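One letter stands for each residue in the lines below.
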Amino acid sequence: MSLNLQQLRAFTTIVATGSLGRAATELHLTQPALSRTIKRLESDLGAPLFERHSKGMELTAFGQALLPHAMLLEREADHAREEIDALRGLAKGIIKVGAVGAIASHVLPLAVDRVLNRWPNLRVEIIEGVWDRLAQGLMRHEIDLALSTVAPDTEDIVAIADCHWQDDSYVVAACDHPLRRRKTLELADTLSQRWAIPPRGTAPYAHMQGVFAAHGLGLPNIVVETRSVPVLKSMVARCGFLTWMPEPMYDVEARAQVMDTLPIATVRATRTLTAFRRRQGILPSPAAKLLDELRQLTAPG
C-alpha cells in the first residue's frame, strides 16, 4: 500500500477545518471531488477514517491513528521541496521557531539577524511562550525548533546536546520601588510585596519557588499570574509589583532605568537553556541554518 500526498493533504485539511465544505473551499475543489478523494484513501487503507454526521466530520479510531503520520509525511514533503529550492539557489524556506521570553528578546534576534544577512530570501515565524506552549507547537508542527530551559526528553521531543547556554534570574522591581530605599535588603523583605509572575506549572514559577525554598521561605504574595511578558513588565514598571525574571529579558528596561534587579546580595539563580526538536523526521534546512548560528552565538568563550 502506498500513501498519496494529495489524499493525505485532503484528509488533514478536513480534520483542520472540521467539515467537507470548508475543506473543499480551502483546497479549491468541489465537495464531490474531495469526497471521492477521501473514499479512495479509505478504500486503499481498508478502514473508515471519518464518521459523517449533520454537524461535520469526526475522526474514527482509524483516522486518529493516521493523523500524526499524515501530518509528518506532509511536513517531510514540504521540507524536501525546501531542500530542492535551496539547491536551485532559491532558498525561500521558512524558519519556524519558538522561544521563552528571555531568549526571544536577546539571543534569538541576534541569530535571526545573522541568518537573514546570509540568506535574505528566508522568512521567519516566531512563537513566544513558556515550555508547555512550545512543546505543543513542536508536536503540531507549528515550529521546528524550540528554545527553552532544560527539560527531560520525551518519546516525541529531544534536546539538542551541542546547543545550550546559561543565564541568571533575579527579583526585579521598578527603579523607583520603595524597597530600594532600604540600606540592606533580604529576600524575606519581598514576601509581603505584591508579585506578578508566570502561572504555577511553568518553569519560571518553579525556578522562583526553588530559590525561596532554598532560603527557608514560602511563596511570596503572588496576586497576578500571567504568561504575557508585556503584562508582567507593565505591572512592575507602572504598578509597583515585583517579579522573577532572567536578566536578558529586562536588559532594555534596565538601560532605560525603568526596571532592574532588586539588590539582594544572596539571590542569583542560574538556569540552563537549550534547543529542542522533534525526535522523528529531518530538521528542515532553514531551521538548521538558524541552529548553526545559535551554536556559534552560545558557544563557550
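Predicted model, so just to flag it, every value in this text is computed and none were measured. Going along each chain's sequence as written, the residues are numbered from 1 onward. Local features in this predicted model are restricted to residues whose pLDDT is 70 or higher, and side-chain atom pairs enter the listing and the counts only when it is 80 or higher, whereas totals over whole chains, interfaces and linings include all residues. The side-chain figures draw on all heavy atoms in the structure; neither hydrogens nor water molecules are used.

> Can you walk me through the environment of Ala-47 in this structure?
Only DSSP runs of H or I with at least four residues qualify as helices, and only runs of E with at least two residues qualify as strands; both kinds are numbered from the N terminus onward. The topology assignment puts Ala-47 in the loop between helix H3 (31-45) and strand E1 (50-53). With 13 residues separating them in the primary sequence, Ala-47 and Thr-60 have C-alpha atoms 9.2 Å apart.

> Can you walk me through the pattern of salt bridges in this structure?
By salt bridge we mean one thing: a side-chain nitrogen of Lys or Arg within 4 Å of a carboxyl oxygen of Asp or Glu. Per the counting criterion, the structure on display carries 15 salt bridges. With a shortest N-O distance of 3.2 Å, Glu-293 and Arg-118 are connected by a salt bridge. A residue pair is termed long-range when its members are at least 10 positions apart, and Glu-293 in helix H11 (residues 285-298) and Arg-118 in helix H6 (residues 107-118) qualify at 175 residues. Note that Asp-251 and Arg-255 form a salt bridge whose closest N and O atoms lie 2.8 Å from each other. Taken together, the residues span about one helical turn, with Asp-251 and Arg-255 both in helix H10 (residues 251-255) at a distance of four residues. Throughout this description, buried means an accessible area under 20% of the type-specific maximum (1.4 Å probe, protein chains only), exposed means over 50%, and partly exposed covers the range between. The class of Asp-251 is partly exposed, set by a relative accessible area of 33%. Judged by relative accessible area, which is 61%, Arg-255 ranks as exposed. Taken together, the shared-partner salt bridges connect Arg-114, Arg-118 and Glu-293 into one network.

> When you look at the domain arrangement of the protein chain in this model, what are you seeing that I'm missing?
A common measure of how large an interface is: the accessible area buried when the components associate. Domain delimitation follows an automatic or database domain assignment. Structurally, the protein chain comprises domain 1 (5-88), domain 2 (93-166 + 272-298) and domain 3 (168-268). One C-alpha centre belongs to domain 1, the other to domain 2; they are set 28 Å apart. Buried area: the sum, over both parts, of the accessible surface (1.4 Å probe) that disappears when the two are put together. Taking both sides of the interface into account, the surface hidden between domain 1 and domain 2 amounts to around 790 Å²; carbon and sulfur atoms contribute 54%. The interface formed by domain 1 and domain 2 holds zero salt bridges in total. Any N or O atom pair separated by 3.5 Å or less is treated as a polar contact, with the protein-specific requirement of one donor-capable and one acceptor-capable atom, and with residues adjacent in sequence counted only for side-chain atom pairs. Joining domain 1 to domain 2, the criterion identifies zero residue pairs in polar contact (both at pLDDT 80 or more). Residues were grouped as follows: Ala, Val, Leu, Ile, Met, Phe, Trp, Tyr, Cys and Pro as nonpolar; Asp, Glu, Lys and Arg as charged; and all remaining residues, including Gly, as polar. Of the residues belonging to the side of domain 1 that touches domain 2, the class tally is two nonpolar, one polar and four charged.

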